[in-house]
Amino acid sequence: MGEKMQIVEYDPKYKSEFVRLNTEWLEKLYYIESYDQYSMDHVEELIEKGSMVYFAVEDEKVLATCMIEPLGDDVWEVCKLAAAGQYTGTGAGSAVLKACMDYAISHGAKKLCLITISGLKPAIHLYKKFGFVEIPYRKDVWHSEKADVEMEYIVKK
């Protein structure tokens, strides 16, 4: 690898990689639910409403991507965190997660939340490393067929 990894805000030139990485990830571990497809197809629209996507890029290759989305009442959701398989363990996923957390906090977030599946121990470990804690999963809130773990991060004052 030549260039040093950079973390960049959403750029339409990387949209196809955003869609590809998340589609591969979702199809492998979950399945693509209607809101997942909507958020990938309409990412620019969501960004206009306050969301942000970050990419870890090196030599014009997207290593990882993560999205942060405002849900209301100063609560934001971390979603669409996906890394290209060959870049797992490079720190790219951690870097885009941190960028999303910082973005939400700088835009008034008081709490960050996310959902995942219990089988993703490395991801859960990563989230805990960043200060997320597991809370009882609320299926009535998330309506996800596969997720079974909910985590939150309370922003310290």
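Residues numbered from 1 in each chain as written. Predicted model: local features only at pLDDT ≥ 70, side-chain atom pairs only at ≥ 80, totals over all residues. Heavy atoms only, no water.

So, about helix α5 (residues 121–129). What α5 keeps buried is the set Ala-123, Ile-124, Leu-126 and Tyr-127. Projected onto a plane normal to the axis of α5, the buried residues spread over an arc of 155° and lie on a single side. For α5, exposure combined with an orientation more than 90 degrees from the buried face picks out Lys-121, Pro-122, His-125 and Lys-129. Next to the buried residues of α5 lie β4 (75–83), α4 (92–106), β5 (111–116), β6 (133–135) and β7 (149–154). (Buried < 20%, exposed > 50% of the residue type's maximum accessible area, 1.4 Å probe, protein only. Helix = DSSP H or I, 4+ residues; strand = E, 2+ residues; numbered from the N terminus. Arc of directions from axis to C-beta. Contact = heavy atoms within 4.5 Å.)

Summed over the entire model, instances satisfying the criterion amount to 7 salt bridges. One salt bridge in this structure joins Arg-20 and Glu-17, with 2.7 Å as the shortest N-O distance. With Arg-20 and Glu-17 both in helix α1 (residues 15–29), this residue pair falls 3 residues apart, about one helical turn. Judged by its relative accessible area of 34%, Arg-20 is partly exposed. Judged by relative accessible area, which is 21%, Glu-17 ranks as partly exposed. A salt bridge links Glu-150 to Arg-138; the nearest nitrogen and oxygen atoms lie 2.5 Å apart. With a gap of 12 residues between them, Glu-150 in strand β7 and Arg-138 in the loop between β6 and α6 (139–142) connect regions that are remote in the sequence. (Salt bridge = Lys/Arg side-chain N within 4 Å of Asp/Glu carboxyl O.)

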